Amino acid sequence: MHSYSYLLVLAAILLTTKLLGLFSRWVRLPQVLGALVAGVILGPVVNAIVGWSTGDGFFSQAAGSDQLFGMLSELGVIVLMFGAGLETDVQEMKKCGKASLIIAVIGVITPLIFGAFASYYFIDDPNSQERLLKSIFIGVVLTATSVSITVETLKELGKLNTPASNAILGAAIIDDVLGIIALTIITSFKSKDVNIWFVLIKIVLFFIFAAILGFIMLKIYKWMNKHTSRDSRRHVIIAFAYCLVSSFVAEVFFGVADITGAYVAGLVLSMTNRKRYLVNRFSTLSYMLLSPIFFACIGLTIEMPELTVSLLVFAILITIVAVATKLFGCALGGKICGYSTKECFQIGAGMISRGEVALIVAKKGESCGLMDPKLFGPLVIVVVLTTIIAPIILKILFAKDKDNGEKGPRLEDKQPA
């Protein structure tokens, strides 16, 4: 690939995602679907048309995780989640805290159990113990939630700060932690080097570190407010640096997803009086460059597998399980916490998308012998379908929703914001 050809790829991504996004809006679907379809068109379809081999074409190379667009894509989801944290009402999230925990726990248990049960008879392994472990691992893959698709859809609908949305965001963070624990437990059966207690300690230490760093950042912003009476670029630079450091430390030192670190950083800065200024600046950065690249790259990296009848049946069954267990499982958690029926299904729909998170977990299992290679293809289909289904269901459930936050969990008493 020519050293400057990435400029053409970038132009193609930006224009195609916007055009297909506008088309999606025209047919009354979330614009994020257009961005995802743009990635699919720019990747496998273009490569097939011009005769390039799958995965080695011009556009596929540009979206490789170890190359420029892979890094920009990662930065895109970090900024997206940082922005979601900035726009979150912390007081509202506090009210949803216990509810988010209950929703996340049920939203992890249900896909784990039903996913393991549904996949057990499709795994060919004479060793019954190995077969059971591999089926449980499929369930662990289905516990993953990729909240980035949900966040973009809710932002587009103007519903990012409703009670249901706050519950989704809170549950997604807890879901991430529970997913790490589940993955660690199941891989510990295959690798004696994995220590569950060490992982749990690291997770706890991350949140302690995040609280200390957040306290320091609030003090810094309080000091800056005393010495400047207007919004200035230094606020944006310091905020972005804080976001990146938090993301790096979360991923590298504590084994927690970088997007969790970014979201926590956004939550901290949402408590400053520069919140609106920061939201406006990072929204521009996100929609102009990083978000289109991130969503397009999800499509760019998709390689549809060859399927037998048995694997196609497996893909359909697991897709049904993936959608139903999150939709109804998380809705059940919401109902237990006193949300209205409509809010319950909004929460469930917000947790459906598996995105790249499920693929990362599946790759981890494949590397340690817990993932049957032939089942990886059907899981790609599950990821694609849940990524497409989630924003459509969210659009339907949030359509003409004029409640705008008056309802919510009855688990705890309302407090003034």
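Treat the numbers as computed from the prediction; the structure is a model and nothing was measured.

Each value, and the rule that gives it
- Every chain is numbered independently, its residues counted from 1 as its sequence is written.
- Local features in this predicted model are restricted to residues whose pLDDT is 70 or higher, and side-chain atom pairs enter the listing and the counts only when it is 80 or higher, whereas totals over whole chains, interfaces and linings include all residues.
- With hydrogens and water set aside, each side-chain value is computed from the structure's full complement of heavy atoms.
- We count a stretch as a helix when DSSP gives it H or I for four or more residues in a row; a strand needs E for two or more, and each element gets its number in order from the N terminus.
- Residue exposure (1.4 Å probe, protein chains only): buried if accessible area is under 20% of the type maximum, exposed if over 50%, otherwise partly exposed.
- Throughout, a residue-residue contact means that at least one pair of heavy atoms, one from each residue, lies within 4.5 Å.
- Note that accessible areas follow from Shrake-Rupley with a 1.4 Å probe, and for residues the cover is restricted to the protein chains shown.
- As used here, the term nonpolar core means buried Ala, Val, Leu, Ile, Met, Phe, Trp, Tyr and Cys residues forming a set that is joined through side-chain atoms within 4.5 Å.
- Exposure above 30% relative accessible area and no salt bridge define the residues that can form patches, which grow by joining like charges within 9 Å and nonpolar side chains of Val, Leu, Ile, Met, Phe, Trp and Tyr within 5 Å.
- When a carboxyl oxygen of Asp or Glu is within 4 Å of a side-chain nitrogen of Lys or Arg, the pair counts as a salt bridge.
- Inter-axis angles, ranging from 0 to 180 degrees, are taken between N-to-C directions of lines fitted to C-alpha atoms, where helices are fitted over the stretch in contact.
- Two helices crossing with the near one rotated counterclockwise from the far one by less than a right angle form a left-handed crossing, whereas a clockwise rotation gives a right-handed crossing.
- Each residue gets one label: Ala, Val, Leu, Ile, Met, Phe, Trp, Tyr, Cys and Pro are nonpolar, Asp, Glu, Lys and Arg are charged, and the others, such as Gly, are polar.
- Within a predicted model, pLDDT stands for the predictor's per-residue confidence, ranging from 0 to 100.
- Angle categories are assigned with fixed cut-offs, so that under 35 degrees is roughly parallel, over 145 is roughly antiparallel, 65 to 115 is roughly perpendicular, and the rest are oblique.
- Two rings belonging to Phe, Tyr or Trp (six-membered ring only in the last case) form a pair when the distance between their centres is within 6.5 Å. Interplanar angles under 30 degrees mark stacking, angles over 60 mark edge-to-face geometry, and anything in between is tilted.
- Think of a polar contact as two N or O atoms within 3.5 Å of one another; within protein, one of them needs to be a possible hydrogen donor and the other a possible acceptor, and neighboring residues in sequence only count if both atoms come from side chains.

Colleague: I'm lost on the overall build of the protein in this one. Help?
Modeller: Looking only at helices and strands, the protein features 17 helices and zero strands. Residues classed as buried in the protein amount to 54% of the 417 residues present. Counted over contacts in the protein with a minimum sequence separation of 6, partners at least 24 positions apart contribute 79%. In the structure as shown, the protein presents an accessible area of about 19,200 Å², 67% of it carried by carbon and sulfur atoms.

Colleague: What exactly am I supposed to notice about the nonpolar core here?
Modeller: Nonpolar side chains tend to gather and get buried jointly when the protein is soluble and globular. Ranked by internal contacts, the top residues of the largest apolar core, which has 48 residues, are Val151, Tyr263, Phe295, Tyr339 and Ile347. Top contributing element to this core by residue count: helix 9 (residues 163–188), with seven residues. If you look at the next biggest cluster of nonpolar residues, it comprises 31 residues, including Leu42, Phe69, Leu86 and Val268.

Colleague: Would you take a moment to explain a nonpolar patch on the surface for this structure?
Modeller: A contiguous nonpolar surface patch, about 720 Å² in accessible area, is contributed by Ile201, Val204, Leu205, Ile208, Ile212, Phe215, Ile216 and Ile220. Its relative accessible area of 41% is what places leucine 205 among the partly exposed residues.

Colleague: Before we go on, may I ask you to explain the packing of helix 4 (residues 68–86) against helix 12 (residues 258–269) in this structure?
Modeller: For any two helices packed against each other, the geometry comes down to the angle between their axes and how far apart the axes lie. The geometry of helix 4 relative to helix 12 is characterised by a closest axis approach of 7 Å and an angle of 35 degrees between their N-to-C directions. For the crossing formed where helix 4 meets helix 12, the hand is right-handed. Contacts between helix 4 and helix 12 pair Glu74, Val77, Ile78, Met81, Phe82, Ala84, Gly85 and Leu86 from the former with Asp258, Ile259, Ala262, Tyr263, Ala265, Gly266, Leu267 and Leu269 from the latter. Here the contact of helix 4 with helix 12 is built from residues that sort into 12 nonpolar, two polar and two charged.

Colleague: What is the right way to read the confidence of the model for the protein from this model?
Modeller: Interpretation of this model should avoid reading the predicted coordinates in detail wherever pLDDT is low. Chain-level statistics for the protein give a pLDDT mean of 80 and a share of 84% at 70 or above. This stretch, residues 49–66, has a pLDDT under 50; its non-local contacts, to residues over four places away or in other chains, come to 35 contacts. The low-confidence segment residues 403–417, where pLDDT is below 50, has 34 contacts with residues more than four positions distant or belonging to other chains.

Colleague: Looking at this model, I keep getting lost on the environment of leucine 385. Mind explaining?
Modeller: Tracing the sequence through the fold places leucine 385 in helix 17 (residues 373–398). Considering only alpha carbons, one finds leucine 385 and valine 323, 62 residues apart in sequence, at a separation of 9.2 Å.

Colleague: Explain the pattern of salt bridges to me, please; I cannot follow it from the model alone.
Modeller: It is possible for side chains bearing opposite charge to pair when their charged atoms get close. Counting across every chain of the model gives two salt bridges. A salt bridge links lysine 374 to aspartate 124; the nearest nitrogen and oxygen atoms lie 2.6 Å apart. On the criterion of sequence distance, the pair formed by lysine 374 in helix 17 and aspartate 124 in the loop between helix 6 (97–120) and helix 7 (128–143) is long-range, its members being 250 residues apart. Two residues, lysine 326 and aspartate 175, come together in a salt bridge whose shortest N-O distance is 2.9 Å.

Colleague: Mind showing me how you'd approach the packing of helix 8 (residues 147–157) against helix 17 here?
Modeller: Helix 17 packs onto helix 8 with a crossing angle of 30 degrees between their chain directions and a minimal axis gap of 10 Å. By the criterion of interaxial angle, the relationship of helix 8 to helix 17 is roughly parallel. Between helix 8 and helix 17 lies a crossing whose hand is right-handed. Residues Ile149, Thr150, Thr153, Leu154 and Leu157 of helix 8 lie in contact with helix 17, whose contacting residues are Thr387, Pro391, Leu394, Lys395 and Phe398. Broken down by class, the residue content of the contact of helix 8 with helix 17 amounts to six nonpolar, three polar and one charged.

Colleague: Sorry if this is basic, but what is going on with the packing of aromatic side chains here?
Modeller: Two aromatic rings are characterised by how far apart their centres lie and by the angle between their planes. Per the stated rule, a full pass over the model turns up 11 aromatic pairs. Taking 5.4 Å as the distance between ring centres and 85 degrees as the angle between the ring planes, the aromatic pair formed by tyrosine 120 and tyrosine 121 counts as edge-to-face. Judged by relative accessible area, which is 60%, tyrosine 121 ranks as exposed. Geometrically, the ring pair formed by phenylalanine 206 and phenylalanine 207 is edge-to-face, given 5.0 Å between the ring centres and 70 degrees between the ring planes.

Colleague: What's the story with the environment of leucine 75 in this structure? I'm lost.
Modeller: With respect to the element layout, leucine 75 can be found in helix 4. Using a relative accessible area of 24% as the deciding quantity, one classes leucine 75 as partly exposed. In this structure the C-alpha to C-alpha distance between leucine 75 and serine 247, which are 172 residues apart in sequence, comes to 9.9 Å. Residue contacts for leucine 75: discarding those within four places in its chain leaves Phe240, Leu244 and Leu290.

Colleague: Got a minute to help me understand the side chain of threonine 17 in this structure?
Modeller: Along the chain, the position of threonine 17 falls in helix 1 (residues 6–26). One polar contact links the side chain of threonine 17 to the main-chain carbonyl oxygen of isoleucine 13, over a distance of 2.6 Å. There is a polar contact of 3.1 Å between the side chain of threonine 17 and the backbone oxygen of leucine 14. With sequence-adjacent residues up to four places away left out, threonine 17 is seen in contact with Gly34, Ala35, Ala38, Pro292 and Ala296.

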